[in-house]
Structure formats: structure tokens, C-alpha cells
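Chain and residue survey
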Amino acid sequence: MEASRFGSYLLVDLNKLKSNIEALREEYSQNKILFMVKADGYGHGLVEIVKFAFEKMDVKEFGVATLGEAMTLRKHLPTLAFEIFVFSDLQFQKKDLAEFYLENRLIPVISHTEDLKTILEDSQFANIPLCLKFNTGMNRLGFGLDQVDEVISQLKSHGRTNVFHLMSHFANASMPMDKNNRNIWQHERFDEVKQKLSSSGIKVESTSLANSGALEQGFCKEETHIRPGLMLYGPTSLAPQHLERSWWKGQVISQLKTTVISSFEVKKGDPLGYNSIPAPEEGVVAIIAMGYGDGISTRYKGATLYHKGVPGKICAKVCMDMTYILFPVGTKVERGEEFTIWDGDSDKFMQLSHETQTIPYELVIQLTTRVPRIYQLD
Ligand SMILES: *Cc1c(COP(=O)(O)O)cnc(C)c1O
């Protein structure tokens, strides 16, 4: 579907993505980045983000959630030689879909015995790099800790002495890595799995464990790879009370802009919009050109947005195509003016996520295809 707004867009500043990648590389100079770009590059545009990160920043490995996302990348960037890991929705049990992995040089992140069996037993998959994910405590996907021996014996019985990439995933990385018992436990279990494999004569070529929360706390430098997602797009994934543990000063790479379609004065109690919700105060209402059809969810009600530094509050019911914002009496907010829903300010972005009862991951991802993504690069 084509984007279908003119005066509204998500401005993605690739210069900031560049700075974020550089800052991460400076701290993690020995580790390779497996950049997580699932869910349309966390809403910023899958193809553009990967193209930039590969061509300009030399990131060579990317992680998506679904086979379809991987195929989109291969379709739109057919000549670029990056690797794609498919993490969760593999569709590997369907033979015609499993063949796409061969045809498109995709790496399935194997976390289920059935898929492992297919890879090991069907000779056409003999050359697919073996990427295994273990469940060390997230309890979502992955081979169980009680399956380590079984996996090892399966590998051996098929003459496989090599694992290309071994991984696991933290459940609590937004909490202290060195204090939270679950984090400590998961870290130890992952080391155990690595140990078991290597002492059984299976060579593990690469490993990864850390997502943004762990990386923001400086953990997991001993693995060959890191798997950042959110942090490279700017926001933090640490809980606010743990922010002082973070060395990370990420820049929010997007700005969300729209237009004021109309503005008018209201008296306290004037009925506004659907369900005639009374204006909470006297003031100036701005109607902006974005609503829940664009991803400004009805949960935005009450959130603070700024116009040229003046704070206003989303009032009445968010509509499909428009939203009401109430500003103090006398605020200059006029039809045709540009309106910024978020700029690059990290604190305001986190505040908006807090006020809309979302997590920062959701704010950009929930924007719909009606909103064009526009890219900026000096
Ligand atoms: C999404 C994801 C990541 C990245 O997580 P962030 O919190 O965005 O850094 C890493 N590993 C796995 C398995 C994931 O699903």
C-alpha cells in the first residue's frame, strides 16, 4: 500500500542512525552487529534501514522475525550480499516455504526439534548454516536446557561437528544485568550450553546473547555477536529507575510531523467530537492531520504534545483521521502550520510513550502505511 498523506510524515534521520551505530561500535569494538530490523525496521522502513546499514555502515548481518520480511529484503535489495536470520515465524515445516531459505540464502534460527530434524535429514539443506537458539529462561522459543544432550547426539549422528551460530535471549534485560536473578541465571545457563557443545567436540563458530537492555549496561562482550534492536533507533529499553546504569546516549532517529488542519477557540465544557466530550478548559483547539488510521492510537488521549514549545494536551476522542489538541488561551497555532508530534528529543519521546501507556518500541511501529517515511542523509 502506498503512503497517502502529503503534509504528514515520519522523518528518519540516517545521520543519527550512523552516530548510534558508531557509538555502539566504539563500546563493543570486538563484537559484530547482528542488527534487528523486524517489524519493518521497528517501523522506520525495513528496506531503507538495511540498505543504509549495509552500504554505508558495513553492517553485514540482519535479523527479521518472519520469512516474509526476509523475502521482502531479498526482493528489493537483490544485489546486496548481507545475511538474513529469520528468528521466529520460520514456516519451515512447509516444504515449499522451506525451499525459500535455499533460494534466497536465508538463515533459519532453529529452535524446534522438528525443524532441526528437517535440516539434518534432508540433504538439500546440508549447506544451510546451522543456527541454534536455546531457551535459557525466556520461555518462549528455543531448545530446552533438558534437550542439550539430545541436540548434541542428533548433530553427531548426522556427522555435524559445527554450529554456525548459537544464541539465547534475555527475558529481563531492562533490569540490572548483575543483580536480577533471572539475568544471572540465564547468562550462566548459556555458558553451560556453550561448554557442553564444545566439550562434545562441536565447534561453535559464533554466539550472541545481548539485546539492547543488556548492551546498554555494557554486558555480553565475550560473545562474538551482539543483537541490538531498539537502541540503534534511539530510545532506551531500560526501566526509568535503572537508567543510571546505562552508558548509552542514543539519539532518537525519527521525527513525526503533521499539519494543523484547523484551529478554533473553545470555552470550558464545549462539546468536542464523537460522544460530545466536554473541553476540560478554555483554550485553543488544534485539529491535526493524524488519527488512529495513522497510528495515533486512542490511548494518546491526555498525552502532552508541544507546539513551538507550548505544551498542549490531546483531548476529546482521537478520530480515524484527525486528533484534537487543546492549548492554553492565546496560543498561536494556525491552520496550515507544521505540527511536530515528536522531535528527536529522547526525554520527550520517553514521556510520550509513558503518557500513552505504550512501551517505546510501539510508538513508531504502530504508525500505519498511510504515513510516508522520508529519509534524511547529509
Ligand atoms: C527483537 C530481538 C532482539 C533485539 O531486541 P531489542 O530489545 O530491540 O534490542 C534481539 N534478539 C531477539 C531474539 C529478538 O527477538
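Shown above is the structure to which this text applies.
In this text, all values refer to a predicted model and were calculated from it rather than measured experimentally.

Further remarks concern the site of the ligand. Taken together, 14 residues form the shell around the ligand, and within it Lys38, Tyr42, Ser212, Leu230 and Tyr361 come nearest. At 2.5 Å, a side-chain N or O of Ser212 approaches an oxygen atom of the ligand. Protein contacts shield 92% of the accessible area of the ligand, which totals 390 Å² for the unbound molecule. Of the residues that constitute the shell around the ligand, the class distribution is 6 nonpolar, 4 polar and 4 charged.

What follows is about empty space enclosed by the protein. Enumeration according to the criterion identifies 2 cavities of 30 Å³ or more in this entry. Space inside the largest cavity adds up to approximately 60 Å³. If you trace the largest cavity, you find it lined by Tyr42, His44, Leu230, Tyr233, Pro235, Val252, Ser254, Phe349, Pro360, Tyr361 and Val364. Elements supplying a minimum of two residues to the lining of the largest cavity: helix 10 (230-233) and helix 12 (360-365). When residues in the lining of the largest cavity are grouped by element, the largest group, 3 residues, is from helix 12. Among the residues making up the lining of the largest cavity, the classes are represented as 9 nonpolar, 2 polar and no charged. In this model, the second largest cavity occupies a volume close to 40 Å³. In terms of lining residues, the second largest cavity is bounded by Lys133, Phe134, Asn135, Thr136, Gly137, Met138, Arg140, Leu141, Ser168, His169 and Gln186. Residues belonging to the lining of the second largest cavity are distributed by class as follows: 3 nonpolar, 6 polar and 2 charged.

Let us now look at the pairing of strand 3 (residues 61-66). Consecutive residues of a regular strand have side chains that alternate between opposite faces of the sheet. Most of strand 3 sits out of view: 5 of its 6 residues are buried. Pairing geometry for strand 2 (residues 32-36) and strand 3, over 3 bridges, is parallel. Across the sheet, Met36 pairs through a bridge with Gly63, a residue of strand 3. The sheet contact formed by strand 3 and strand 4 (residues 83-89) spans 5 bridges and is parallel. Paired with Thr66 across the two strands is Asp89, which belongs to strand 4. What joins strand 3 to strand 4 is helix 4 (residues 67-76), and the crossover it makes is right-handed.

Attention now moves to the packing of aromatic side chains. As enumerated under the stated definition, the model contains 13 aromatic pairs in all. Note on Phe54 and Phe82: the rings are 5.7 Å apart at their centroids and 65° apart in plane angle, and the pair reads as edge-to-face. Of the two residues, Phe54 sits in helix 3 (residues 46-55) while Phe82 sits in the loop between helix 4 and strand 4, which places them 28 residues apart along the sequence. Each member of the pair, Phe54 as well as Phe82, carries the same accessibility label: buried. Ring geometry for Phe327 against Phe339: centres 6.2 Å apart, planes inclined by 65°, an arrangement best described as edge-to-face. Of this pair, Phe327 sits in strand 16 (residues 323-327) while Phe339 sits in strand 17 (residues 338-342), placing them 12 residues apart in sequence. Note on accessibility: Phe327 and Phe339 belong to one class, buried. Among the aromatic residues, those joined into a cluster by ring pairs are Phe35, Tyr42, Phe54, Phe62, Phe82, Tyr233 and Tyr361. Taking NZ or CZ as reference, Lys221 lies 5.0 Å from the ring centre of Tyr28, over its face.

Rules used in this analysis
- Residues numbered from 1 in each chain as written.
- Predicted model: local features only at pLDDT ≥ 70, side-chain atom pairs only at ≥ 80, totals over all residues.
- Heavy atoms only, no water.
- Near = heavy atom within 4 Å.
- Polar contact = N/O pair within 3.5 Å; in protein donor to acceptor, adjacent residues only side chain to side chain.
- Areas by Shrake-Rupley, 256 points an atom, 1.4 Å probe, with all protein chains shown as cover.
- Nonpolar A, V, L, I, M, F, W, Y, C, P; charged D, E, K, R; others polar.
- 1 Å grid on protein atoms, 1.4 Å probe; cavity = no way out; pocket = protein on both sides within 12 Å on 5 of 7 lines; lining within 4 Å.
- Points joined across faces, edges and corners; volume = space filled by probe spheres on them.
- Helix = DSSP H or I, 4+ residues; strand = E, 2+ residues; numbered from the N terminus.
- Buried < 20%, exposed > 50% of the residue type's maximum accessible area, 1.4 Å probe, protein only.
- Pairing = 2+ DSSP bridges.
- Right-handed = clockwise from strand over helix to strand, strands pointing away.
- Phe/Tyr/Trp six-rings, centres within 6.5 Å; stacked < 30°, edge-to-face > 60°.
- Lys NZ or Arg CZ within 6 Å of the ring centre and 35° of its normal.

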